[in-house]
Every structure is written in C-alpha cells, then in structure tokens.
Amino acid sequence: MTWLTALRDWLFGPPEEPQPLIRYPDAKVLTPFRNCPHCGCGSFRKGPRGGAAVNITCELCQAKFNVADIPGGPFLLEELPHV
Ligand SMILES: [Zn+2]
C-alpha cells in the first residue's frame, strides 16, 4: 500500500469490491438472417411488426420467421410454426 492509497482509504474509505458482471445465461448469439434456411430463398413477405421484431414469410416455401430488424441485421430470433 502506497501513501497515496493509504490517504485515499483514510479519506474515502476502502474501495468497494468490484461488482460481478451480470450474465444472462439465456442470451443467445444473434444469427444474421439473409436467406431462408430451408430453401435458400432471399425473398420474404413482411408481416406484423412489433417494435424491432418483424414476422416474415418465405415467398417460396412459406416458412415463417421472427427476425429483429435492427442495425447490422436482420437477425433471426425464432422460426414460427407453419399456419
Ligand atoms: Zn423458404
């Protein structure tokens, strides 16, 4: 301990323990979404949108996906069941 840290501790008390980083075990790495993973088609109909999330439907095989339409994206959030 240097005189400087001793003075700091005397003035302000000992430094607080660093807080552990909050981790989100459920957080998924976002997958860039370009083409339909089933048929490779890159043409989609945009469906209902909720905030940054938008439902899209593949024009070729009608697979539905929920994607995040955000900068750097879109990113695949989940595949939706066929209706
Ligand atoms: Zn498709």
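Draft legend 1. Structural view of the overall build of the protein chain. A count of helical and extended segments in the protein chain gives one helix and five strands. Taking 2.2 N^0.38 as the reference for a compact globule, 83 residues should give roughly 12 Å; the C-alpha atoms of the protein chain span a radius of gyration of 24 Å, well beyond that estimate. Taken over the C-alpha atoms alone, the protein chain extends approximately 70 × 20 × 20 Å along its principal axes. Relative to its 83 residues, the protein chain shows a buried fraction of 8%. Residue pairs at least 24 apart in sequence account for 23% of intrachain contacts in the protein chain once pairs closer than 6 positions are excluded.

Draft legend 2. Fine view of the pairing of strand β3 (residues 53-58). Where strand β2 (residues 44-50) and β3 come together, five bridges link them in antiparallel fashion. Bridge pairing links R49 to V54 in β3. Joining the antiparallel neighbours β2 and β3 is a turn of two residues, in which G51 adopts a positive phi near 70 degrees. The pairing of β3 with strand β4 (residues 64-68) spans five bridges and is classified as antiparallel. Looking across to β4, one finds that T57 is bridged to K64. From the end of β3 to the start of β4, which pair antiparallel, there are five residues, and Q62 there has a positive phi angle of about 65 degrees.

Draft legend 3. Representation of the sheet that holds strand β1 (residues 31-32) within the structure. If you trace the five strands from one edge of the open sheet to the other, you get β1-β5-β4-β3-β2, paired in antiparallel fashion. The two strands at the open ends of the sheet, each matched to only one other strand, are β1 and β2. For β1 and strand β5 (residues 75-80), the ladder comprises two bridges, and the chain directions are antiparallel. Bridged to T31 within β5 is L76.

Draft legend 4. Inspection of the nonpolar core at higher detail. The biggest cluster of nonpolar side chains holds six residues, and these are C36, F44, I56, C58, F65 and V67. The contacts of V67, once residues within four sequence positions are left out, are F33, V54, I56, G73, P74, F75, L76 and L77.

Rules used throughout
Residues numbered from 1 in each chain as written. Predicted model: local features only at pLDDT ≥ 70, side-chain atom pairs only at ≥ 80, totals over all residues. Helix = DSSP H or I, 4+ residues; strand = E, 2+ residues; numbered from the N terminus. Rg over C-alpha atoms; globule rule 2.2 N^0.38 Å. Buried ≥ 20, exposed ≤ 12 C-beta atoms within 10 Å, placed from the backbone. Contact = placed C-beta atoms within 7 Å. Pairing = 2+ DSSP bridges. Core = buried A, V, L, I, M, F, W, Y, C linked by C-beta atoms within 7 Å.

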